[in-house]
Amino acid sequence: MILGEDKSKFPSGNALFINLKENKILIDTNPSEKRINSFLKNELNLSSADITDVILSHTHLDHGRGLAAIFEKSNAMIHAHPDTLKRCEKKARIGLYAGIQKEQIHHFEAFGSSIGFKDRSYPYNRKHPLKSNQTIQLGEISIYTHETNAHCLHMLDYEIRNDKFDLIFSCDYDFTPVPWYGVPQRGYAVQRFKDATKELVHRKVQSIISSHRLNPIPLTEQQSELEKYLQTINERTKRAINMIPSRTPIKLQDISNFVYPIEKMAGAYSEDYIICAQTWDYWLLLAHLEEAWQRSKVKCIESDGDLFLERCIEADQYLTEEVEHLLVNGWAEETLQQKMPFHLPANSVWKKL
Ligand SMILES: [Zn+2]
């Protein structure tokens, strides 16, 4: 494991390096080329120029930040889902996909640049598209690809095996106190995220290594870590419900500091990052309010022009089945073309039931 700075907390994160006879494999490029290079030098007497294969889980900024610099030094082959291969070339595509509004996308791009993410196109003969449920052989190990997509569409986790061990690099199913999901997905995705995490644990590998946690999770601890993680997610829904006053309906944008401590971030982080974090905080809140609506604890009474909320208000219930097509697939396609199909319904009004 190559740990990120700041205890691997976002926007930092871990990478995994696999040192084989011929193949020098790097999974995710977050800790930055500089940090990866000095790790390789100190621990293995190698350098980032020796990397033969870069494997990307998905293209959120905190996973692909070191990609351009590593590619330039090493000329590695990039293996990833085709969607990831397209997104990793442009910060704007990643930002829109992560729910940043079009008029704020320059803040996201500035934030990305500040952590070392570079826009760059990669030649087609250095890109290897991966499907889900595929096994690739690289030197002495095999890597099984598996899509766990409730973090974002087309995120692949990687199960790495040889005859002695197996482990999963679970990326953003990270078993930390700050699970992240909900963009671009909505309320339904909270349940899906929980189901996908359970599924990871049910695969019973010797070790799970994640992007934002400092220590691997051995098989004997996976069940208890899962329970803790699910509890954190459930508590968020309770917290969202409690943030709606009992008698007076409230606008989404009038609730802040849901997951991100926005007020405490001023001064410690760049303004660009704080603007992005505020947007993500609203999306996470929306996902949990929608989950609370499914349980008839709250409901939306004004949609702020959000077509999906409008239909739910009309039906007077949360329309779970419609979420996937309308909000997930549509969002993914449009953001690839650098369009923003939906606006954050910041002025939607919520009421306790
Ligand atoms: Zn991510």
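Everything below is about the structure printed above this text.
Sequence order sets the numbering: in each chain, residues are counted from 1 along the sequence as written. Note on the predicted model: pLDDT of at least 70 is required for a residue's local features to be given, and 80 or more for side-chain atom pairs to be given and counted; whole-chain, interface and lining totals, by contrast, use all residues. The side-chain numbers reported here are obtained from all heavy atoms of the structure, hydrogens and water having been left aside.

A. How the structure looks around the overall build of the chain. Going along the chain from the N terminus, every DSSP run of H or I of four or more residues is numbered as a helix, and every run of E of two or more is numbered as a strand. From N to C terminus, the chain includes twelve helices and 14 strands. The reference for a compact globule is 2.2 Å times residues^0.38; the radius of gyration itself is calculated from the C-alpha atoms. In terms of overall dimensions, the chain is globule-like: its C-alpha atoms have a radius of gyration of 20 Å, near the 20 Å expected for 353 residues. The C-alpha extent of the chain, read off along each of the three principal axes, is 65 × 45 × 35 Å. With a 1.4 Å probe rolled over the protein chains alone, any residue whose accessible area is under 20% of its type maximum counts as buried; one over 50% counts as exposed, and the rest are partly exposed. In the chain, which comprises 353 residues, the proportion classed as buried is 57%. Within the chain, contacts between residues at least 6 apart in sequence are counted, and of these 68% link residues at least 24 apart. The contact criterion used is simple: two residues touch if any of their non-hydrogen atoms lie within 4.5 Å.

B. Layout of the coordination of the zinc ion. Looking at the zinc ion, the protein donor atoms are H58 (NE2), H60 (ND1), H151 (NE2) and D172 (OD), and they sit 2.0 to 2.2 Å from it. Distances define the donors: N, O and S atoms within 2.8 Å of the metal qualify, as do those within 3.2 Å of Na, K or Ca. Water is excluded, so some sites may look unfinished. In this scheme the shape depends on donor count and angles: four donors with every angle between 85 and 135 degrees give tetrahedral, four or six donors with opposite pairs above 155 degrees and others between 65 and 115 give square planar or octahedral in turn, and any other case is irregular. One can describe the donor arrangement at the zinc ion as irregular, given that its four donor atoms subtend angles of 87 to 175 degrees at the metal.

C. Expanded view of unusual backbone geometry. P11 follows F10 through a cis peptide bond whose omega is 5 degrees. For P11, the location among the structural elements is in the segment before β1 (16–19). Of note, S296 is a non-glycine position whose phi angle comes to about 55 degrees, a positive value. Among the structural elements, S296 can be located in the loop between α10 (271–294) and β13 (298–302). A positive phi angle is found at D316, which is not glycine, with a value near 55 degrees. Its location among the elements puts D316 in the loop between α11 (307–315) and α12 (320–336).

D. Inspection of the sheet that holds strand β7 (residues 141–147) at higher detail. Pairing between two strands requires that DSSP report at least two bridges joining them. Overall, mixed pairing links the six strands, which are arranged β6-β7-β8-β9-β10-β11 in an open sheet. Two strands lie at the open edges of the sheet, namely β6 (135–138) and β11 (217–218), each paired on one side alone. As judged from the two bridges shared by strand β10 (residues 207–210) and β11, these two strands associate in the antiparallel manner. Across the sheet, S207 pairs through a bridge with P218, a residue of β11.

Purely geometric stuff here, so don't read any function into it on its own.
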